[in-house]
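# Structural description and commentary
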Amino acid sequence: MYWICFGESPGGMLKAARHSLAPELPAGHIVPLLDDLSQGDLAALDDPDARGDILCPWAEGMGDTPGQRDEYLRRHFQTSLPMLGQVDEAVIWYGDNARERCGMLYAVIRLAARGVPIWVVHADSMPAEAQKEPDWLSGKDCGMGVIGVVKNNGKPLRRPQWYLRWRVRRHLRRTYRRGRKTGHGTAYFASTGELSPGDAGYFYEKRRLLSHEECAKLAAEWETLCRENAPMRVLEDGRLCSAPEDYYDGLILSEVPVDDVCAASVIGCVIGRHQLHISDMLIYKRLRSLIAQGKVGVVADGETYRDMVIRRGG
């Protein structure tokens, strides 16, 4: 049995969730596919040169360290992708966003061709009252470390580890409950990376085995997208559709004011206000294109979008 997900954040969540959901599952059987198949040429998915800028969109000076790009490409092309050939039974975790939906279709067509049993876990919504609080809220010791020293008037106080852990838990508990919405309602998720390990169990219990007919239908959907091979794939009314590379330009431009503003603020508004579950680097790339077209002006350029100041117009 292998669990398949799309991205590092879902992979980290599942490595924590497996302890309660499937303790017999080795951590090495969680396969995070790192490529974003909602972008780029679908005819070159095995080509590091063709997919490198999508897998590693950060440029030198934008958080990249020497060798980081090569390491990231190696993990995807030499570790994660080859592991699909070892899968004997799969649980695919995905949410309602273009990246994870594309990844799910790709994994299904790869695994179904070998007759591998495929289970799917669709993380979409759950009753708010079904959400589980983290273990530290119930007073369980999760093995957390304590950083810092308890002080009184600037002088260190000697305290046993259990006391320091209790202090940390109490602070986290108050902060968590103060910010958590209570009462009835529905919690919506667009990505498995948004789940807590406790919430993952709700969706795991609802996993289902795909029939041959369902696999064939999903494979046909992926083959259609591959034939169209547009620059992007997006979700429209719950369906994956091919789209041009400027699909989001109108929304991005609507968030650029006539006054000076940091580009990071624009990117945050595009993602937050429009609930777009896309990469910040994709928006930054499109901002650069709008600048080249003269639709957005640069007041002050910088190495990252956090250092860039822009405004509407050239």
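Thresholds applied
- Residues numbered from 1 in each chain as written.
- Predicted model: local features only at pLDDT ≥ 70, side-chain atom pairs only at ≥ 80, totals over all residues.
- Heavy atoms only, no water.
- Phe/Tyr/Trp six-rings, centres within 6.5 Å; stacked < 30°, edge-to-face > 60°.
- Helix = DSSP H or I, 4+ residues; strand = E, 2+ residues; numbered from the N terminus.
- Buried < 20%, exposed > 50% of the residue type's maximum accessible area, 1.4 Å probe, protein only.
- Pairing = 2+ DSSP bridges.
- Contact = heavy atoms within 4.5 Å.
- Axes fitted to C-alpha atoms, helices over the stretch in contact; angles between N-to-C directions.
- Salt bridge = Lys/Arg side-chain N within 4 Å of Asp/Glu carboxyl O.
- Polar contact = N/O pair within 3.5 Å; in protein donor to acceptor, adjacent residues only side chain to side chain.
- Right-handed = clockwise from strand over helix to strand, strands pointing away.
- Left-handed = near helix turned anticlockwise from the far one by under 90°.
- Nonpolar A, V, L, I, M, F, W, Y, C, P; charged D, E, K, R; others polar.
- Patch = residues over 30% accessible without salt bridge, like charges linked within 9 Å, V, L, I, M, F, W, Y side chains within 5 Å.
- Areas by Shrake-Rupley, 256 points an atom, 1.4 Å probe, with all protein chains shown as cover.
- Lys, Arg positive; Asp, Glu negative; His and termini not counted.
- Charge placed at Lys NZ, Arg CZ, Asp CG, Glu CD.
- Core = buried A, V, L, I, M, F, W, Y, C linked by side-chain atoms within 4.5 Å.

What follows concerns the packing of aromatic side chains. The full count for this structure, using the stated rule, is eight aromatic pairs. Centroid distance Trp93 to Tyr204: 5.8 Å. Interplanar angle 0°. Geometry classified as stacked. Remark: Tyr204 occurs in helix H6 (residues 197-204) and Trp93 occurs in strand S3 (residues 90-95); sequence separation between them is 111 residues. Judged by centre distance (4.9 Å) and plane angle (90°), the rings of Tyr247 and Tyr248 are edge-to-face. Its relative accessible area of 9% is what places Tyr248 among the buried residues. Feature note: the residues Trp3, Trp93 and Tyr204 constitute an aromatic cluster, connected by ring pairs.

A separate point is the sheet that holds strand S9 (residues 208-209). Read from one edge of the open sheet, five strands run S2-S1-S3-S4-S9, paired in mixed fashion. Unpaired on one side and paired on the other, strand S2 (30-33) and S9 mark the two borders of the sheet. Examined bridge by bridge, strand S1 (residues 2-6) and S3 share three bridges and lie parallel to one another. Looking at S3, one finds that Tyr2 is bridged to Ala90. Packed on one face of the sheet, helix H4 (residues 98-112) meets S1, S2, S3 and strand S4 (118-123) and runs near 160° to S3.

For the rest of this paragraph, the subject is the pattern of salt bridges. Taken as a whole and judged by the stated rule, the model has nine salt bridges. A salt bridge links Arg75 to Glu8; the shortest N-O distance between them is 2.9 Å. Placement of Arg75 in helix H3 (residues 68-83) and of Glu8 in helix H1 (residues 8-21) is noted, with a sequence separation of 67 residues between them.

Now for the sheet that holds strand S13 (residues 296-300). Across the sheet, which stays open at both edges, the three strands sit in the order S12-S14-S13 with antiparallel pairing between neighbours. The sheet is open, and its two borders are formed by strand S12 (261-262) and S13, each paired with just one other strand. Packed onto the sheet, helix H10 (residues 280-292) meets S13 and strand S14 (309-312) and runs at close to 100° relative to S13.

A few words on the side chain of Ser80. Along the chain, the position of Ser80 falls in helix H3. Reaching out from Ser80, the side chain makes a polar contact with the backbone oxygen of Pro32 at a distance of 3.1 Å. Excluding anything up to four places from it in sequence, Ser80 contacts Val31, Pro32, Leu33 and Arg75.

Moving on: the pairing of S1. Of all five residues that make up S1, five are buried, and the element is covered over most of its length. Residues Tyr2, Ile4 and Phe6 line one face of S1 and the alternating positions Trp3 and Cys5 line the opposite face, and both faces are buried. Here S1 pairs with S2 via four bridges, running parallel. Bridging across to S2, Trp3 finds its partner in Ile30. Read as a crossover between parallel neighbours, the route from S1 over H1 to S2 is right-handed.

Here we come to unusual backbone geometry. Positive phi, normally seen in glycine, also occurs at Asn229, with a value near 45°. With respect to the helices and strands, the residue Asn229 is situated in the loop between helix H7 (212-228) and strand S10 (232-236). Taking the relative accessible area as the measure of exposure, Asn229 reaches 27% and is therefore partly exposed.

At a minimum axis distance of 9 Å, the contact between H4 and H7 shows a crossing angle of 115°. In the crossing of H4 with H7, the sense of the turn from one axis to the other is left-handed. Contact residues: H4 offers Arg101, Cys102, Met104, Leu105, Tyr106, Val108, Ile109 and Ala112, while H7 offers Cys215, Leu218, Ala219, Glu221, Trp222, Glu223 and Leu225. Taken together, the residues of the contact of H4 with H7 break down into twelve nonpolar, no polar and three charged.

A word on a negative patch on the surface. Taken together, the side chains of Asp41, Asp46, Asp47 and Asp49 present a region of like negative charge at the surface. By secondary structure assignment, the location of Asp47 is in the loop between S2 and helix H2 (48-55).

The next point concerns the nonpolar core. Membership of the largest hydrophobic core comes to 38 residues, with the highest contact counts inside it found for Ile4, Ile92 and Trp222. Tallying contributions element by element places H4 first for this core, with eight residues. The contact partners of Ile92, leaving out residues within four places of it in the chain, are Ile4, Phe6, Met104, Ala107, Val108, Leu111, Ile118, Trp119, Val120 and Val121. Residues Met232, Ile252, Ile267 and Leu276 belong to the second largest nonpolar core, which totals 23 residues.

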